[in-house]
Amino acid sequence: MPILDFLLAKQGRKQKVILLGSGALSIGQAGEFDYSGSQAVKALEEENLKVIIINPNIASVQTNKGKNRKIYLYPITPFWVTKVIQTEKPAAIISSFGGQTSLNCVIQLDKSGVLRKYNVKVLGTQIKSLDISENRELFSQHMKCINAPIANSYAVSNMTEALKKAKNIGYPVIVRSAFALGGLGSGFAQNSTELKKIVQSALMNSPQVLIEKSLHGWKEIEYEVMRDKTGNTITICNMENFDPMGIHTGDSIVIAPCQTINNIENNMLRDMALQIAQSLNIVGECNVQYALNPIDYKFFVIEINARLSRSSALASKATGYPIAYIAAKIVIGFELLELKNPVTKTTSAFYEPSLDYVTLKIPRWDLNKFTGVSKNLGTQMKSVGEVMAIGKNFCEVIQKALRMVNENESGITTNIFFAANDAQIDKELLSPTNLRIFAIYETFRRGRSIDYVHNKTKIDKWFLSHILYIATTEKKLKNFFIASTRNLKTKITMHDVYQSYCNISKDYLIHLKSIGFSDFQLTKLLISTCLNIKYSFSIKTIRKLSLGIRKLRIKLGIFPVVKQIDTTSAEYPTKSNYLYLTYDGIHNDISNKNNKGNGVITLGSGSYRIGSSLEFDWCSVMTSKYFKNKKNDSIIINCNPETVSTDYSISDRLYFEELSFERVLDIIDIEQPKGIVACMGGQNPNNLISPLNKVKVHILGHSNKTVENAEDRTKFSAILDKLNINQPEWTSATSYDEVTKFIEKVGFPVLIRPSFVLSGTLMNVAHDQKSLDHYLSLTKNISVDYPIVISKFIIDAKEIECDGVAKNGEVIISLVSEHIENAGVHSGDATMVFPPQKIYTRTVNIIKDTVRKIVKGFNLNGPFNIQFIAKNNDIKVIECNARASRSFPFISKVSNINLAEIACKVMNNEHINKIILDESEIQHVGVKASMFSFQRLDGADPIVGVEMASTGEVGCLGKNFNHAMLLAMEATKIIKPTKGILLSTGRDKDKIKFMEVMDNIYKLNIPIYATKGSAKYLESKGYKINIVHWNRKPRAVDIILNGQVDFVINISKNLSVNELYNNASIRKTAVKCGCSVLTNLEKVIAYFNAYSSYNELYSINRCLSL
Amino acid sequence: MVKHSYRLTRNVKKAYLQLSNGIKFSGIAIGANKQVTGEMVFNTGMLGYSEAMTDPSYLGQILVFSFCMIGNYGIPIPKNGNLFMSKGHESSSIKTQGIVVSNLYDEAYHHDRGVSLESWMKSQDVPGIAGVDTRYLVQLVRKSKNLFGKIFTDDSVIQTHNKFYFLNKFNSNEYVDPSKYNLMPSISTKSKIIMGNKYAKRKVAVVDCGIKWNILRMLIDRNCKVELLPWDNNFAHIDCDGWLISNGPGDPKNTGDLVKRIRNNILNVNKTKPILGICLGHQLLALATGADTKRLAHGHRSHNQPVFSLPEKKAYMSSQNHRYSVERHSIQPDWNLWFENANDHSVEGLIHKTKPFISVQFHPEASSGPNDTSWIIDYFVKLL
């Protein structure tokens, strides 16, 4: 038997294995761990094991119920894992599938003796090796032992030492902190001043930091290694960063396989990777990162991760080798040679994939969502998601990837630096932000050389030469059109586009498509040469015009071909269902002859971003699996390598492709599906419904009209008026005058938002004229083309949501949940409770009735989410999403009614009865809380508002609200203070409300600090308070910096620009120093009220499982 | 059939690849403007094109690179011109008839590049075609038993092949199956060559069947003196500590009386001197022991061939380039199966039960490909 003895079933009873997840998504630890975790669960369940999953990330696929698994939605801390161990008595625990969080937890459990006490074995790589990979000093020692070159580096634990060592090594130096994920607290210092700043903040998060030689400009290369217990070792893939050393890999553009190294370098680094894995006795997966000098064969080992990682998820998707799945089999005892690759079904798992294509990953940053954040990239990761493009040449993949990562479809040709002067562009090249690639492109557009860009960026000239080629091609084409389109009138039609491209040769058009130009880009390029046209075109118009090129292509027979990802480069025939499209080829690997004619395409969510994350992948996975089970040809389109939906087993055919209008049409042409599901992947695919509908694609679920009515603010409000449903007063303003007039009528505060809102981009609440002016200056010019919507903002109102499914205008199910925070906090950032605890039955009844009216009035036919505000029993509708919402997985899991599945039944047109849930049958309360990553975003103000800022979420269950609330807070790193607490409690009426929890805070028996106003108020109520000040001693920031407090409550009086600015330094410092920070009064009250149940919760013997 | 591809050059000249099964590809001419024919073979390695193209085992073949971008790091040419000492070259010149690639990159910025791939091909008078859907071509090659191809341009002329002896009587319009000919005279050294440190304690006699330079480099690095012998040497009375029978092109049975000389003058007279056979050398040695060889349905030509060592119960990644293989059932009783292929279980290595005779089908010298089995050379040197 390949399985380890102690994992074999005894007396017919399956052995239990604990698998830790990674918790809420945060920067540096995102969806990739749901992918690795869910592959692991599958691999373990297949081997007759019972999997105990501990992960509070309720939207993950791995926390779905299953026959052989048990789910604990608890914080991943030694305390809770110990509780679960006591209850479940597992045979073993697996540390390597839940990122750094899970790894750290298992290491702690081992050190504290818990694992020994309960006889729980650690599967896979053993703790001793994990220590080496995690502790910098042990790592250095070990590398020296095996003669692996490492950059000189010194561990220091104080500032004086740091300065001394840096001087010895010579600036520039890199500071890294030990025991930190995603390079937290790391940085690049040119001189001692910069060094001081970085070391100070690094030492706050970690007892030890590392000072090492800067390898700026060296190539950054990574190898993914797999090793089994007998020592058989392979490398799955190598990857190379487009951005040389200095930018965190998570923030780098990454190409796989490596493109600028030769065979000698490859095997030199590969040999070292194998040697390291061997010496550490790795069992399972690990990755090794190198810096390679671009001018000779010198290299250094930078770090190793003895666990699944972002890179391993990427490598799995890049190669078609399911690393996590195989690694899971290996940690329970299998040898590589005993396994086959389940993607190909023919090759041995002891096989290094050979690729005949390239893949390129581009990170997605949402830095615009955070006020004050520095956009510069460095050794600290800032991106929140990523996409991967697959193609046959570099131009193709970089063009594809840049279109995937931003929805504007213009890709690399987006004119971001078009208006910038040369100096601004040079600055961008020298000190890169998330936009550097566009600056490089603009530099080439302006005729600069490869050397010019290389000298400033150190990016390998091989990469640059391709970008130059795209720029040159664009220019050539433009010149050609300028000469020929001079006569075009002031208007341009689809036919003009068709005609213009008729003028270039077929070969050249194929060439343009092969190097990655989309029809959209080609159309836009043509328009830009029509010098008589002065106004700009909307995306919608360009999309429509681009059909001219599509028509021409069809006439000329220019189609993309479908290629398989098979790990063997076609050396062996395989059954892989993992596909991509390219114009750089002539032959289709698959034929649609065997299509059953009942295909259903599910559009995935694309890159994770703020506002669209794991929860939409969960919905996509549910959908694809549903149709697969129904014996439809289930087809998925998605381009996000971190997702479960892009796992080979979720669909019948996986197109790892752009979610663009053009590409989706291409796939529809190939697959001829019965219908398309676009309402389960969030806003991104939802935006495709209207253009797809216009070309007569059959969309399952809501009709196009329904979607338009819900999305278009004007239509939406008009229908609500007609249905006699209340909504906050609003107007759509096309000029400043209209804005002023509206405010005269309704008064401040007002909510302003641009017409098409995606997770609240540029949405803001203006409390006074100053903030209004400030926020309006952030949006584009207000015009007829770009109207803004202004509505009366109602303060101190409760926010309530209703998630559900409708069929043909009738409610099938509707479930109401409440927010803890009052209206004004984006629903994605708010803390949500289900079943609701604090709304009157009357309110629920009014809401359910309103939902019925809306469902009928908009003729909803599919999943929906409607948001309300309530003040007393006065209910107003603020939003209706005719699609699956962020809260679907949470509500589904807490209520045990799978909303996604019901939505699929509706889309499949199955007979389905109305479902009434008796809430008294739900034995527990669920609280969903948001995870913020402010700690990684240098300079960001950690305040929450109408613009969403959270990067992830958790959902925890408790026998009552207090339990669930405490757990959810702990899982989002709001932790009971032990050192001290700092209070600023907002407006006078907030101060009064705050008294509700003051006793509970006082009972903590820790020093309480407060800013002047709050302190005076509290003292007047008889509490003993230490007063702190803004700018005289004792200063508020100092007590934070000195570590006298570990919890900061900071409630703004209002959200005006001044008030925000005043408190920002306290909040920022608190976040930087790792304090728990709460900035919302209702959340504070709910949290500290829950302390009444603290002891009860933490002394329970049995945790609740799902 | 056309797949349009891009190159970062201005002058694009059309080229064609005519296959013996009737399919014709169009593409872009690269390298020399010349018409050639050859047996179609592919390699799925993602790197190592210069090593592959100079590998004598590709004699008479047109090599298809399945990876989509070739030429990225140029061709290493050391300043002193000593190609032998420079990794990246496995013989003194390109041995493939021509190459087929998807996208050719003909600039190169790698620190170790001497020239670009294309100018190197031009200087060596070797043609190629770019812009071919090589994945499709690999599928065609894989599916057919024997596929030949012809690379030509609109103005290339039919001429006699003159580069290698066995092709002399053919012109560049005729498909020649290299396995039908004894390729040894075309590829083996003409005279004895002594290499390595003359004070080295150990001396290896090497039968040159088209040896890859990295085998020699590795022996010399391990402090061995090497005597490189022409294939038609009679091998008797050679003063040495051990024998190495090298890799090379073609059918092991089509090597004149080479097998007989190996049997009589190396194998049978020898009781203690270690022997190592590599690739073709392994097949020749097996034939000399009385075992048989066969032609595989499709060859192994990649850097990711998993081989399993039976005595160690351990697997290794190996680099391979062969179409023939030793018949498993024909292994002689005094020999053990040492390695087998983890995918198709074909014979990958033999070891003598009592004597220090070993042979492997894969390439322990790698170049290009993984170095995981370089210990076999160490093992051999230790036996000396």
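Everything numeric in this text was worked out from a predicted model, so none of it was measured.

The rules behind each value
- Residues numbered from 1 in each chain as written.
- Chains lettered and ligands numbered in written order.
- Predicted model: local features only at pLDDT ≥ 70, side-chain atom pairs only at ≥ 80, totals over all residues.
- Helix = DSSP H or I, 4+ residues; strand = E, 2+ residues; numbered from the N terminus.
- Rg over C-alpha atoms; globule rule 2.2 N^0.38 Å.
- Buried ≥ 20, exposed ≤ 12 C-beta atoms within 10 Å, placed from the backbone.
- Domains from an automatic or database assignment.
- Contact = placed C-beta atoms within 7 Å.
- Nonpolar A, V, L, I, M, F, W, Y, C, P; charged D, E, K, R; others polar.
- Pairing = 2+ DSSP bridges.
- Axes fitted to C-alpha atoms, helices over the stretch in contact; angles between N-to-C directions.
- Core = buried A, V, L, I, M, F, W, Y, C linked by C-beta atoms within 7 Å.
- Parallel < 35°, antiparallel > 145°, perpendicular 65-115°, else oblique.
- Left-handed = near helix turned anticlockwise from the far one by under 90°.

Colleague: Residue-level account of the overall build of chain B, with values.
Modeller: Each helix and strand in chain B was counted, giving eight helices and 19 strands. Here the C-alpha atoms of chain B give a radius of gyration of 20 Å, agreeing with the 21 Å that 2.2 N^0.38 yields for 384 residues. Counting only C-alpha atoms and orienting by the principal axes, one finds that chain B spans roughly 60 × 45 × 40 Å. Taking all 384 residues of chain B together, the buried fraction comes to 59%.

Colleague: Could you give an account of the domain arrangement of chain B, naming the residues involved and the relevant values?
Modeller: Residues and elements named next belong to chain B. Each assigned domain of chain B is listed with its residue range as follows: domain 1 (14-181) and domain 2 (185-383). A separation of 26 Å is found between the C-alpha centroids of domain 1 and domain 2. With 27 residues of domain 1 at the interface, the matching set in domain 2 holds 23 residues. Per-element tally for the side of domain 1 that touches domain 2: the top contributor is strand β3 (residues 36-43), with three residues. Residue composition of the side of domain 1 that touches domain 2, grouped by class: 13 nonpolar, nine polar and five charged.

Colleague: Describe in detail the interface of chain B and chain A, supporting the description with residues and values.
Modeller: Listed as interface residues are 48 residues of chain B and, on the opposing side, 52 residues of chain A. Only α3 (134-143), β15 (293-309) and β16 (314-326) of chain B provide two or more residues apiece to the side of chain B that touches chain A. Ranked by residues supplied to the side of chain B that touches chain A, first place goes to α3(B) with six residues. Of the residues in the side of chain B that touches chain A, the class split is 20 nonpolar, 18 polar and 10 charged.

Colleague: So what's going on with the sheet that holds strand β34 (residues 981-985) of chain A? Which residues, and what values?
Modeller: All names here are of chain A. Here five strands make up an open sheet; going across it, the order is β36-β35-β34-β37-β38 and the pairing parallel. Every interior strand has two partners, whereas the edge strands, β36 (1026-1028) and β38 (1076-1078), have only one. Across this sheet, the average inter-strand angle for adjacent strands is 25°, counted without regard to direction. Sheet topology places strand β35 (residues 1008-1011) next to β36; three bridges connect them, and they run parallel. Residue pairing in the sheet places Ala1010 in a bridge with Ile1027 of β36. Seen against the sheet, helix α33 (residues 988-1002) touches β34, β35 and β37 (1047-1051) and runs at an angle of roughly 160° to β34.

Colleague: Just give me the short version of the sheet that holds strand β30 (residues 862-871) of chain A, but keep the residues and values in it.
Modeller: Residue and element names in this part refer to chain A. Pairing is antiparallel in the open sheet, where seven strands are placed in the order β31-β30-β27-β28-β29-β32-β33. Whereas interior strands pair on both sides, the edge strands pair on one side only; in this sheet they are β31 (874-881) and β33 (952-958). Ignoring strand direction, the axes of neighbouring strands in this sheet form an average angle of 25°. Across seven bridges, strand β32 (residues 925-931) lies against β33 in antiparallel orientation. The partner of Gly926 across the bridge, within β33, is Leu957. Where helix α31 (residues 899-907) meets the sheet, its contacts fall on β27 (798-807), β28 (810-822) and β30, and the angle it forms with β27 comes to roughly 40°.

Colleague: Which residues make up the nonpolar core, and what values do they have?
Modeller: If you look at the biggest cluster of nonpolar residues, it comprises 432 residues, and the most contacted ones within it are Leu19(A) and Ile54(A). Lining this core are residues from two domains, each supplying at least three of them: domain 1 (14-181) and domain 2 (185-383) of chain B. If you look at the next biggest cluster of nonpolar residues, it comprises 16 residues, including Ala162(A), Ala166(A), Val173(A) and Ile198(A).

Colleague: Could you give an account of helix α10 (residues 310-319) of chain A, naming the residues involved and the relevant values?
Modeller: Residue and element names in this part refer to chain A. The buried fraction of α10 amounts to 10 of the 10 residues, a majority that puts the element mostly inside the structure. By the burial criterion, the buried members of α10 are Arg310, Ser311, Ser312, Ala313, Leu314, Ala315, Ser316, Lys317, Ala318 and Thr319. Of the residues one or two after α10, Gly320 is the one with positive phi, at around 85°.

Colleague: Before we move on, could you go through unusual backbone geometry and cite the residues and values that matter?
Modeller: Trans peptide bonds make up most of the peptide bonds, and negative phi angles are found at most residues other than glycine. Cis geometry is adopted by the peptide bond preceding Pro172(A), which originates at Tyr171(A) and carries an omega value of -5°. One can find Pro172(A) in the loop between α7 (159-169) and β7 (173-177). Cis geometry marks the peptide bond from Lys1033(A) to Pro1034(A), where omega comes out at -10°. Looking at the element boundaries, Pro1034(A) is found in the loop between β36 and α35 (1036-1041). A positive phi angle, close to 45°, is found at Gln672(A), a residue other than glycine. Residue class for Gln672(A) comes out exposed when judged on the 11 C-beta atoms lying within 10 Å of it. Of note in this structure, His345(B) is not a glycine but carries a positive phi near 60°. Residue position: His345(B) is located in the loop between β17 (335-341) and β18 (347-352).

Colleague: Account for the packing of helix α16 (residues 461-484) of chain A against helix α19 (residues 519-529) of chain A, naming residues and giving values.
Modeller: Residue and element names in this part refer to chain A. For the pair α16 and α19, interaxial distance at closest approach is 9 Å and the crossing angle is 50°. Our classification of the angle between α16 and α19 gives oblique. Where α16 crosses over α19, the handedness of that crossing is right-handed. Between α16 and α19, the contacting residues are Glu474, Leu477, Lys478, Phe481 and Ile482 on the first element and Leu525, Leu526 and Thr529 on the second. Here the contact of α16 with α19 is built from residues that sort into five nonpolar, one polar and two charged.

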